[in-house]
Amino acid sequence: MPRTKPLSTVPANWCEASQRLVSAAGTRHYTDRPYTCWRCKVACVFTAADQRYTYEVKKASIDQDRLLCRPCWQRRNAILLALGECQARWNAQRTSLRQDPAFLSTWLALLDEKDQYIPYRRDTAKKSMLCKLLNPPLHAPPPPD
Ligand SMILES: [Zn+2]
């Protein structure tokens, strides 16, 4: 991909946390930053214009970098949205959803897929809870009379 022109930064447009960052203080220009998508390994460029939009309009922290290409980023966002819906349903109807294998396995699959897109904050505890609900121990104690 051809390089685009560097763009001047306007630090007054950054979020407050970015303005306080010593490492960002000398940043006068945005220049294209090539990177490799963490998930699908495609070569990408975080362009100067994208950076200006990300840091000055969306007010992301200036030290935030890109990890994913656009399609992977969009899939990541869809997964996070669906996980939020699972959590909200679970909070509202936990008792009935404990007995709902379709719901439990969908939620578990989303958590597994999320780990392919986000290299941190794995929900290990939630996954093991879902696995237990989906596969109760074979030798469970008999129910009390
Ligand atoms: Zn990708």
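Every value quoted in this text rests on a predicted model; they were computed, and no experiment measured them.

A short note on the pairing of strand E4 (residues 43-46)
Summarising the sheet, strand E3 (residues 33-36) and E4 pair through 4 bridges and their orientation is antiparallel. In the strand pairing of E4, Tyr35 is matched with Cys44. Counting the residues that bridge the hairpin from E3 to E4 gives 6 residues, and of these Lys41 lies at a positive phi of roughly 65°.

What to know about unusual backbone geometry
The backbone phi angle of Lys41 is positive, close to 65°, even though this residue is not glycine. Considering the arrangement of structural elements, one finds Lys41 in the loop between E3 and E4. Take Lys41: there are 8 C-beta atoms within 10 Å of it, and that puts it in the exposed class. If you check the backbone angles, Lys59 has positive phi at about 60° while not being a glycine. Mapped onto the fold, Lys59 is located in the loop between helix H2 (48-57) and helix H3 (70-97). Residue classification places Lys59 among the partly exposed positions, given that 14 C-beta atoms sit within 10 Å.

Focus on the packing of helix H4 (residues 101-117) against helix H5 (residues 124-134)
Taken N-terminus to C-terminus, the directions of H4 and H5 make an angle of 150°; their axes are 10 Å apart at the nearest point. In terms of orientation, H4 lies roughly antiparallel with respect to H5. Considering the relative orientation of H4 and H5, their crossing is left-handed. Touching Pro101, Leu104, Ser105, Trp107, Leu108 and Leu111 of H4 are Lys126, Lys127, Leu130, Cys131, Leu133 and Leu134, all from H5. Classifying every residue of the contact of H4 with H5 by side-chain character gives 9 nonpolar, 1 polar and 2 charged.

A few points about the packing of H3 against H4
Two elements in contact, H3 and H4, have axes separated by 9 Å at closest approach and are oriented at 150°. One way to sum up the angle between H3 and H4 is to call them roughly antiparallel. Judged by the twist between their axes, the crossing of H3 over H4 is left-handed. Only Phe103, Trp107, Leu110, Leu111, Glu113, Lys114 and Tyr117 of H4 make contact with H3, whose side of the interface consists of Cys72, Arg75, Arg76, Ile79, Ala82, Leu83, Cys86 and Leu97. For the contact of H3 with H4, the per-class residue count stands at 11 nonpolar, no polar and 4 charged.

Some words on the UniProt feature "domain: Probable zinc-binding" (unreviewed entry) in the chain
Within this numbering scheme, the UniProt entry marks residues 32-78 as carrying the feature "domain: Probable zinc-binding" (unreviewed entry). Overall, residues 32-78 shows 40% helix and 17% strand. The separation of its end C-alpha atoms is 27 Å.

Cut-offs and rules
Residues numbered from 1 in each chain as written. Predicted model: local features only at pLDDT ≥ 70, side-chain atom pairs only at ≥ 80, totals over all residues. Pairing = 2+ DSSP bridges. Helix = DSSP H or I, 4+ residues; strand = E, 2+ residues; numbered from the N terminus. Buried ≥ 20, exposed ≤ 12 C-beta atoms within 10 Å, placed from the backbone. Axes fitted to C-alpha atoms, helices over the stretch in contact; angles between N-to-C directions. Parallel < 35°, antiparallel > 145°, perpendicular 65-115°, else oblique. Left-handed = near helix turned anticlockwise from the far one by under 90°. Contact = placed C-beta atoms within 7 Å. Nonpolar A, V, L, I, M, F, W, Y, C, P; charged D, E, K, R; others polar. UniProt positions renumbered as here; feature names shortened; annotations may be inferred.

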